[in-house]
Amino acid sequence: MLVGIVVGAVNTPCAEIVPQLGLQDAPPGASPLGKSVVSPVTGCITAHVGDGLTGGTFRNDAVNCTCCAGDNPTGTVAGAEELDRFLEKVPDHVIVILDEAYSDFAETFAAIRGVEYSHSLNYVHAGRKVVVLRTFSKAHGLAGVRVGYGIGPAELMTYFARMRTTFSVSVVAQAAAVAALEDEAHTRKALENNAQQAQRLTEGISDLGYRVVPTWANFLYCELGEDAAAVAKRLQAEGVIIRALGPWGAPTAIRVTIGTPEQNDIFLKAFKRVTEKVTVR
Ligand SMILES: Cc1ncc(COP(=O)(O)O)c(C=O)c1O
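Calculation notes
- Residues numbered from 1 in each chain as written.
- Predicted model: local features only at pLDDT ≥ 70, side-chain atom pairs only at ≥ 80, totals over all residues.
- Helix = DSSP H or I, 4+ residues; strand = E, 2+ residues; numbered from the N terminus.
- Buried ≥ 20, exposed ≤ 12 C-beta atoms within 10 Å, placed from the backbone.
- Contact = placed C-beta atoms within 7 Å.
- Core = buried A, V, L, I, M, F, W, Y, C linked by C-beta atoms within 7 Å.
- Pairing = 2+ DSSP bridges.
- Axes fitted to C-alpha atoms, helices over the stretch in contact; angles between N-to-C directions.
- pLDDT = per-residue confidence, 0-100.
- Arc of directions from axis to C-beta.
- Parallel < 35°, antiparallel > 145°, perpendicular 65-115°, else oblique.
- Left-handed = near helix turned anticlockwise from the far one by under 90°.
- Nonpolar A, V, L, I, M, F, W, Y, C, P; charged D, E, K, R; others polar.

K.L.:
I keep staring at the overall build of the protein chain and nothing clicks. Help me out?
P.N.:
Assigned secondary structure in the protein chain consists of nine helices and eleven strands. Across the 281 residues of the protein chain, 38% fall into the buried class. Considering only contacts within the protein chain whose residues lie at least 6 apart along the sequence, 71% involve residues at least 24 apart.

See the structure below:
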């Protein structure tokens, strides 16, 4: 919704919308400029920004959507330095949207891994035309309440505010968001669980012989090397729903949400059962 508001505010006939990475509704590779790439060095999928920027691609009022903190569905991040380099190349007239839906998870992983994940707020403070979007749907557990926020230059934000529909965020949603911000214990628990369970789930799936991309979000991208939709169907028959990534252009990959220890136990047992069936055939 927030991306829609920003894009709608500048959507003149010559506006150009360039999703750099795999937003949920835009499969990686859907844009000639945006994609996740397989690193020839590690064999891992990594988020990658900045492709094609030298080609004079930006028109007058281009909006550039860049998903930096937890690309969906790969779970990778572009990295603070890569994003710095990307922004150096972006012309001043271009508004860059940094979708940080998974920033809480990414920050936690960055702290564990001893790296910086993003300088997004520095760009805003430095007066860049950068809008950082965050949501309460992920670490704060309010998916379905439909509440999030944007951080950007005051002048731009006043234009975007005018694009909101009346009562776009209900008072109930606002109250939930404020309560979520105050509930640090819940957020800490969610982030700790995610970090611990990401490791456990990654090991569990890897032990079964599948490749898992190191995640910065609350889900894992797993390469199965076989028809993912068929595996998803068999899992569903076991009562477990995961996402087969055919519609994202990855027909042999799945996205698995990181759950509680109990939920992950159920997933791992069911996953072992359904993939064993494949091996036997
Ligand atoms: C990268 C990304 N951005 C934004 C969103 C949407 O968040 P919201 O629930 O606030 O619409 C999602 C949800 O899956 C997402 O994966």
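K.L.:
Would you mind going over the nonpolar core with me for this structure?
P.N.:
The nonpolar side chains of a soluble globular protein tend to be buried, and buried together. Judged by nonpolar contacts, the single largest core of 54 residues is most densely connected at Leu 220 and Ile 254. Residues in contact with Ile 254, not counting those within four places in the same chain, are Cys 222, Leu 224, Ala 228, Val 231, Ala 232, Ile 242, Arg 243, Ala 244 and Leu 245.

K.L.:
Just to check I follow, could you spell out the sheet that holds strand E10 (residues 243-244) for this structure?
P.N.:
Neighbouring strands of a sheet are bound in pairs by backbone hydrogen bonds; such pairs are parallel or else antiparallel. In space, the four strands of this open sheet follow the order E8-E9-E11-E10, with antiparallel pairing throughout. Only two strands of the sheet have a single partner each, and these edge strands are strand E8 (211-213) and E10. Examined bridge by bridge, E10 and strand E11 (residues 253-257) share two bridges and lie antiparallel to one another. Directly across from Ala 244, in E11, lies its bridge partner Ile 254. Across the sheet, helix H7 (residues 184-207) is in contact with E8, strand E9 (219-223) and E11; its angle to E9 comes to roughly 15°. Lying over the sheet, helix H8 (residues 228-237) contacts E10 and E11, oriented at roughly 35° with respect to E11.

K.L.:
How should the confidence of the model for the protein chain be read in this particular structure?
P.N.:
Parts of the model with low pLDDT should not have their predicted coordinates read in detail. Across the protein chain, pLDDT averages 82, with 77% of residues at or above 70. Looking at the elements of the protein chain, mean pLDDT is at its lowest for strand E2 (residues 35-38), recorded as 45, and at its highest for H7, recorded as 98. For residues 19-44, every residue scores under 50 in pLDDT, and the model assigns this stretch 68 contacts once sequence neighbours within four places are set aside. A low-confidence stretch, residues 50-56 stays under pLDDT 50, and its non-local contacts, those more than four residues away or across chains, total ten contacts.

K.L.:
Would you explain unusual backbone geometry in this entry?
P.N.:
Residues other than glycine predominantly adopt negative phi, and peptide bonds predominantly adopt the trans conformation. Cis geometry is found at the peptide bond from Asn 72 to Pro 73, where omega equals 20°. Its location among the elements puts Pro 73 in the loop between strand E4 (63-67) and helix H2 (80-89). Non-glycine residue Arg 146 carries a positive phi angle of around 60°. The backbone of Phe 167 shows a phi angle near 55°, a positive value even though the residue is not glycine. By the element assignment, Phe 167 lies in the loop between helix H5 (154-163) and helix H6 (171-182). Overall, the presence of 8 C-beta atoms within 10 Å leaves Phe 167 in the exposed class.

K.L.:
Looking at this structure, I do not really get H2. What am I missing?
P.N.:
Working note: α-helix, 3.6 residues per turn, so residues spaced by three or four point in the same direction. Turning to H2, its buried residues are Leu 83, Phe 86 and Leu 87. Seen from one end, H2 has its buried residues packed into an arc of 95°, which puts them on one side. Turned more than 90 degrees off the buried face of H2, the exposed positions are Glu 81, Glu 88 and Lys 89. Of the surrounding elements, those touching the buried residues of H2 are strand E5 (95-99) and helix H4 (120-125).

K.L.:
I tried to follow the environment of Thr 135 on my own but got confused; where do I start?
P.N.:
Topologically, Thr 135 is positioned in strand E6 (residues 130-135). On the basis of neighbour count, Thr 135 is assigned to the buried category, with 23 C-beta atoms found within 10 Å. The sequence separation of Thr 135 and Leu 2 amounts to 133 residues, and the corresponding C-alpha distance is 9.3 Å. Other than its neighbours up to four places away in sequence, Thr 135 contacts Ala 101 and Gly 148.

K.L.:
Please explain the pairing of E11 as it appears in this structure.
P.N.:
Consecutive side chains along a regular strand alternate between the two faces of the sheet. The buried count for E11 comes to four of five residues, which makes it a mostly enclosed element. Taken together, the five bridges between E9 and E11 define a ladder with antiparallel strand orientation. Bridging from a neighbouring strand, Leu 220 pairs with Val 256 of E11.

K.L.:
Hey, could you run me through the environment of Ala 228 in this one?
P.N.:
Assignment of secondary structure puts Ala 228 in helix H8. Classification of Ala 228 as buried rests on a count of 22 C-beta atoms within 10 Å. Discounting chain neighbours no more than four positions away, the residues touching Ala 228 are Ala 244, Leu 245, Gly 246, Pro 251, Thr 252, Ala 253 and Ile 254.

K.L.:
I would appreciate a short explanation of the packing of helix H3 (residues 103-113) against H7 in the present structure.
P.N.:
Helix packing geometry: the angle between the two helix axes and the distance between the axes. Remark: H3 packs on H7, axes separated minimally by 10 Å, with the N-to-C direction vectors making an angle of 60°. Compared by their axis directions, H3 and H7 come out oblique. Both H3 and H7 take part in a crossing whose hand is right-handed. Contact residues: Asp 104, Phe 105, Thr 108, Phe 109 and Ile 112 in H3; Thr 187, Leu 191, Asn 194 and Ala 195 in H7. When its residues are assigned to classes, the contact of H3 with H7 shows five nonpolar, three polar and one charged.

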